[in-house]
Amino acid sequence: MARSDMVKSGLERTPHRSLLRATGLTNADMRRPFVAICNSYTDVIPGHAHLKAVGEYLAEAVRRAGGVPFVFNTIGICDGIAMGHVGMKYSLPSREIIADSVETMVNAHRFDAMICVPNCDKIVPGMHMGAIRANIPTVFVSGGPMEAGVLACGAKADLIDTFYAVAKRTAGTLTDRQLADYEQNACPTCGSCSGMFTANSMNCLGEALGLALPGSGTALATSPVRKRLYEQAARRAVTMARQWAKADCSAEYPFLPGNLYTVAAFRNAMALDMAMGGSTNTVLHILAIAHEAGVKFTLKQIDALSRKVPNICRVAPSSTPEGRIYHIQDIHRAGGIHTILGQLLRDKPGLLDTDVMTVTGKTLGQNIRAYSLRNGRASAELRELIDVGCTPTGRSVAQVAADLASGPQVKAPKREKTSADDGFDAADVIRTAETAFTQRGGLVVLYGNIAAKGSVVKLAGVDPAMYTHSGPARIYESQEAACEGILAGQVKPGDVVVIRNEGPKGGPGMQEMLAPTSYIKGAGLGDKCALITDGRFSGGTAGACIGHVSPEAAAGGEIGLLANGDIIEIDIFKQTLNARVTQAEFARRRKAARPRKPRFTTGWLARYAAMATSADTGGVLETPKL
């Protein structure tokens, strides 16, 4: 019995079938699997602007595979557009709305399987959380990353460079014409922004988690090979729906999200994250997804992984010690996510659990053998996926839509240069453990008397000169105040900028700190100042920027008791974050402290603030006990 029989089979479902016929369904459709296409199309996000056409293409692919497609859209927020103003407070809370909407649509309409099409920031983890709650056969296939921009001088650029450019223009080191060059060319077309920022990090982790198709995280949004990924997703969703129906929708069916999200899968995903130096936000989201799955996976387990996994990739906003900057298209060209996993498997035996099952129907180990470009036997299909998937086309949203409308045939763009011709070195993009940038992971967890429950820093983005730092606190009570202070020249070399009351509860919503971190770097202070916050950073943040300080100030954390001039001591390799303040002094300050008034007393943000937990638990919502 299929799950969708609850809405389409039997005498009592006559009214339901009548309504379904009004949408265009036929007698034959009533006998086919109902497949939800959970899209996140919206015109306002560049990573999603092409997803209307992607959703339509997937619907046709599901029909070709023998299923009946039903497209629905979640909300989506563009963190870049929401950045630096009150709109960013809605970003993290939107993750919960997205999870709720997926659960609501899938469970209300009793779909047999689902294809999730995320592409940016909170949409990816939100869909993962919703997939767990719905717990029907689900496959993830993203809309793909954006091509890197190209400036007038020929240099590559991305969104983060435009933030740096603002600080440089403010400092007088960039002209209006140069600033316009960044604005007009850094984001050339549709797709999730081209560095290892949060959206791309999460889409890449989906491959290691086992819910996303190989290549989904790195093949360019404008590449025609994405049509092949969409076809694969459609066929797999229909196949799983039929298999599950034959098993009477048993909870034991191995490809349900509830059976794929395991401790081993989360360990594999975070091992990948450490290896490729992903966004610190992945920690927040992986913890939240694990919480939703009822799997005990904690910050301490992530910390233990960071000690074992070498950082073998550095992607924008990070750079190599020689100053080379790579983008997601370079990762794909070097072989993609399964090539990174394959390198870890060879260099660090036992680090990955390759026996875990994935949505492809094969184990992770089998996927690595099939999709690692370094296994010595790359198939023609893999070679095409790599070569075509990394080639920038410069196509607009309209051109991408037109290509999708032309049908499933893949038309490979002409490539003017080969990897040998342009000096591309895949061995530098994805290194070995022996040639790793660091022998520990790209993310590090720090503890101390102002981070009793932990904090997170992106080691891959830190200048070695800042691995240890001690300096006076310069405190700001909000991101907006910090931005004004940095641009006004208040921050001096050696300072530790403290931005507090920006956690999940205090912000509320834990807005990202891309603007202040970019302004620090743009002002030439990236290797001279540190920043700590109970808020979080964009995946595009680089520098000695420590976020997720827990407990947050609004939950009584010691970060809320710091005073201007307190000496803050940071040692990244010793994993410590301390203030030179005694416990007795903290106790005195706590007694004298007065509670801050909530920033929002009505609406969604007020409800969110009342239920949100600190970042060490993923910033999840606590359901009131009944």
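Above this note sits the structure.
All of these numbers come straight from a predicted model, not from anything done at the bench.

Asks: Is there a simple way to think about the packing of helix α7 (residues 159–171) against helix α22 (residues 514–522) in this case?
Replies: Two numbers describe a pair of packed helices, the interaxial angle and the distance between the axes. Packing of α7 against α22 brings their axes to within 8 Å, and their N-to-C directions diverge by 55°. The angle between α7 and α22 falls in the class oblique. Relative to α22, α7 is oriented so that their crossing is right-handed. Side by side, α7 and α22 meet where I160, F163, Y164, V166, A167 and K168 of the first sit next to L514, A515, S518, Y519, K521 and G522 of the second. Looking at side-chain class alone, the contact of α7 with α22 contains 8 nonpolar, 2 polar and 2 charged residues.

Asks: Help me out: how do you make sense of the environment of Q439 in this one?
Replies: Note that Q439 resides in the loop between α20 (426–429) and β7 (443–448). Looking at Q439, the relative accessible area reads 44%, which means it is partly exposed. Separated by 130 residues in the primary sequence, Q439 and V309 place their C-alpha atoms 6.8 Å from one another. Setting aside anything within four residues of it in sequence, one finds Q439 in contact with R307, V309, P310, K348, A433 and E434. A polar side-chain atom of Q439 sits 2.8 Å from the main-chain carbonyl oxygen of A433.

Asks: What should I look at first to understand the pairing of strand β11 (residues 530–533) in this one?
Replies: Here β11 shows two buried faces, one formed by A530 and I532 and the other by L531 and T533. Here strand β10 (residues 496–499) runs beside β11; their pairing, made up of 4 bridges, is parallel. Each residue of the ladder has a partner; that of V497, found in β11, is L531. In this fold, the crossover linking β10 to β11 by way of α22 has right-handed handedness. Pairing analysis gives 2 bridges linking β11 to strand β12 (residues 545–547), with the strands arranged parallel. Among the inter-strand pairings, L531 is bridged to a residue of β12, identified as C545.

Asks: Would you explain unusual backbone geometry in this entry?
Replies: A cis amide bond, omega 15°, links A316 with the succeeding residue P317. Within the secondary structure layout, P317 lies in the loop between α14 (299–306) and α15 (328–333). Here the bond from G507 into P508 is cis, since omega is -15°, no more than 30 degrees from zero. With respect to the helices and strands, P508 occurs in the loop between β10 and α22. Although it is not a glycine, N501 adopts a positive phi angle of roughly 60°. With respect to the helices and strands, the residue N501 is situated in the loop between β10 and α22.

Asks: Before we go on, may I ask you to explain the nonpolar core in this structure?
Replies: In a soluble, globular protein the nonpolar side chains are often hidden away together inside. Formed by 127 residues in total, the largest nonpolar core has its most connected members in M114, I115, Y261, F266, M270, M276 and I340. Looking at this core element by element, the count peaks at 10 residues for helix α12 (residues 263–276). Residues within four places of I115 in sequence aside, it is in contact with V35, A36, I37, C38, L58, V62, V139, V141, A233, A234 and A237. Grouped together as the second largest cluster of nonpolar side chains are 29 residues, L459, M466, I475 and I546 included.

Conventions used here
Residues numbered from 1 in each chain as written. Predicted model: local features only at pLDDT ≥ 70, side-chain atom pairs only at ≥ 80, totals over all residues. Heavy atoms only, no water. Axes fitted to C-alpha atoms, helices over the stretch in contact; angles between N-to-C directions. Helix = DSSP H or I, 4+ residues; strand = E, 2+ residues; numbered from the N terminus. Parallel < 35°, antiparallel > 145°, perpendicular 65-115°, else oblique. Left-handed = near helix turned anticlockwise from the far one by under 90°. Contact = heavy atoms within 4.5 Å. Nonpolar A, V, L, I, M, F, W, Y, C, P; charged D, E, K, R; others polar. Buried < 20%, exposed > 50% of the residue type's maximum accessible area, 1.4 Å probe, protein only. Polar contact = N/O pair within 3.5 Å; in protein donor to acceptor, adjacent residues only side chain to side chain. Pairing = 2+ DSSP bridges. Right-handed = clockwise from strand over helix to strand, strands pointing away. Core = buried A, V, L, I, M, F, W, Y, C linked by side-chain atoms within 4.5 Å.

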